[in-house]
Amino acid sequence: MKPTIFIDGREGTTGLQIDARLRGRTDIEQITISEALRKDTAARKELINAADLVFLCLPDEAAREAVELIENPNTKVIDASTAHRTAPGWVYGFPELTRKRRHEITQSKRVANPGCHALGFLSIITPLVENGVLAADEPISCHSLTGYSGGGKAMIAQYEAKDRPAAFNAPRIYGLGLSHKHIPEMMAQSSLIAKPLFTPIVDDYYSGMAVTVMLHSKQYKATSAAGLRNILVSHYHKEHFVTVAPFCSQETLAHPGFVEANAHIGTNNLEILVFGDQEQTIITARLDNLGKGASGSAVQNMNLMLGLPETAGL
């Protein structure tokens, strides 16, 4: 029998993206809820417990409440919210992050999908900490440029309104309280004990993101920027969705000297680019915030949890 899938919160941005990626697949069967019952707890509970795997595309508190509805011990869950990313008993759903992570996901019934900014940050920092190149107490600075779709339906509506403020025409720095909701997972999954200085930036384009970490040679135990790249190349060797670009590839970029944040929209790809010299290094991870940063990762995790080909539908 085909595994059955239920998306709780399918009407949200991530839910719609997951639905689009699953539509047309013949190796699974989606079960859906009518519009009239989508907020009916009893109806949702019935479908959640009937499914082999449930995607939770809900606000944090609603996601926690949905988990409490599960009585079927065989129901598997992928939570796309922030609610369980650092919770005990949940596996963080970034298969390429560590050598053991893919196996942990395949064996788990509770997987927390990563945050988009966090995934880009972790793709850079975790291998460097894991290999002893960066100390866990090293203060790290990071900025992340993203399209407005990352803000969900409310932000999409603001940016696409005909009478929007002129301020929306320019990049806008936010998270000024230095307590962005992705920081806990950024620390937990990198083993950092020093809180990173993280500033996200939203700009006037729909999707795609570029997460950038800037390092001085005094911060890492490597000879050069090229040495850091070699560590990342080794870590992601033979990975399908995560690649490391050639070193100092400025002239091979689509627009030499510039790194566009929307290079991988519509894909589940994450590309890491390393620039620098003997003294300073810039490392950027670029991905689709709606793809590898959300729905793409969710489908990749589903494939692993159900024993399906990892790249199916991606």
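These figures come from a predicted structure and were not determined experimentally.

Engineer: Which parts of the structure should I look at to understand the overall build of the chain?
Structural biologist: Scanning the chain for helices and strands turns up 9 helices and 13 strands. Principal-axis analysis of the C-alpha atoms gives the chain an extent of 60 × 50 × 35 Å. Counting across all 314 residues of the chain, residues that qualify as buried make up 54%. Carbon together with sulfur atoms contributes 53% to the accessible area of the chain, which is approximately 14,100 Å² in total.

Engineer: Help me understand the pattern of salt bridges, please; the structure alone is not making it clear to me.
Structural biologist: Side chains bearing opposite charge may pair, as long as their charged atoms lie close to each other. The final tally for this structure, using the stated rule, is 16 salt bridges. With a shortest N-O distance of 2.4 Å, R23 and D19 are connected by a salt bridge. As a salt-bridge pair, R101 and E104 come within 2.9 Å of each other at their nearest N and O atoms. With a gap of 3 residues between them, R101 and E104 both fall in helix α4 (residues 101-107), about one helical turn apart. The class for R101 is buried, based on a relative accessible area of 11%.

Engineer: Even after reading the chapter, I still don't get unusual backbone geometry, so can you show me in this structure?
Structural biologist: Leave glycine aside and you will find that most residues have negative phi; peptide bonds, for their part, are mostly trans. In this model, L178 sits at a positive phi of 60 degrees, which is unusual for a non-glycine residue. Structurally, L178 can be placed in the loop between β8 (172-173) and α7 (183-190). Its relative accessible area of 37% is what places L178 among the partly exposed residues. For S191, which is not glycine, the phi dihedral falls at a positive 70 degrees.

Engineer: It is not clear to me how helix α5 (residues 116-130) should be interpreted in this structure. Could you clarify?
Structural biologist: Owing to its 3.6 residues per turn, the α-helix aligns residues three or four sequence positions apart on the same side. Here α5 is 15 residues long and its end C-alpha atoms lie 21 Å apart, about the 21 Å a rise of 1.5 Å per residue gives. At L122, α5 shows its largest bend, some 40 degrees. Here α5 lies mainly inside the structure; 14 of its 15 residues are buried.

Engineer: Just to check I follow, could you spell out the packing of aromatic side chains for this structure?
Structural biologist: Both the distance between ring centres and the angle between the ring planes are used here to describe each pair of aromatic rings. Applying the stated rule across the entire model yields 3 aromatic pairs. Geometrically, the ring pair formed by Y148 and Y159 is stacked, given 4.8 Å between the ring centres and 5 degrees between the ring planes. Of the two residues, Y148 sits in the loop between β7 (141-147) and α6 (152-160) while Y159 sits in helix α6, which places them 11 residues apart along the sequence. When its relative accessible area of 8% is taken as the criterion, Y148 is described as buried. Overall, Y159 belongs to the buried group, its relative accessible area being 3%.

Engineer: Even after reading the chapter, I still don't get the pairing of strand β3 (residues 53-56), so can you show me in this structure?
Structural biologist: Two faces, one strand: in a regular strand the side chains alternate between the faces of the sheet. Here β3 shows a buried face lined by L53 and F55 and a second buried face lined by V54 and L56. Relative to β3, strand β1 (residues 4-8) runs parallel, the two being bridged by 4 bridges. When the sheet's bridge partners are listed, I7 is paired in β3 with F55. Taken together, the 4 bridges between β3 and strand β4 (residues 76-79) define a ladder with parallel strand orientation. Bridging across to β4, F55 finds its partner in I78.

Engineer: Hey, could you run me through the packing of helix α1 (residues 13-22) against helix α9 (residues 291-305) in this one?
Structural biologist: Packed helix pairs are specified by the crossing angle of their axes together with the interaxial distance, meaning the distance between the axes. For the pair α1 and α9, the least separation of the axes is 10 Å and the interaxial angle reads 50 degrees. Regarding the angle of α1 to α9, the classification is oblique. Seen along the crossing, α1 lies across α9 with a hand that is right-handed. On α9, the residues touching T14, Q17, I18, R21 and L22 of α1 are G291, A294, S295, G296, A298, V299 and M302.

About the thresholds
Residues numbered from 1 in each chain as written. Predicted model: local features only at pLDDT ≥ 70, side-chain atom pairs only at ≥ 80, totals over all residues. Heavy atoms only, no water. Helix = DSSP H or I, 4+ residues; strand = E, 2+ residues; numbered from the N terminus. Buried < 20%, exposed > 50% of the residue type's maximum accessible area, 1.4 Å probe, protein only. Areas by Shrake-Rupley, 256 points an atom, 1.4 Å probe, with all protein chains shown as cover. Salt bridge = Lys/Arg side-chain N within 4 Å of Asp/Glu carboxyl O. Expected span 1.5 Å × (residues − 1). Bend = angle between axes of the 7 residues up to and from the residue. Phe/Tyr/Trp six-rings, centres within 6.5 Å; stacked < 30°, edge-to-face > 60°. Pairing = 2+ DSSP bridges. Axes fitted to C-alpha atoms, helices over the stretch in contact; angles between N-to-C directions. Parallel < 35°, antiparallel > 145°, perpendicular 65-115°, else oblique. Left-handed = near helix turned anticlockwise from the far one by under 90°. Contact = heavy atoms within 4.5 Å.

In short, geometric facts, not functional conclusions.
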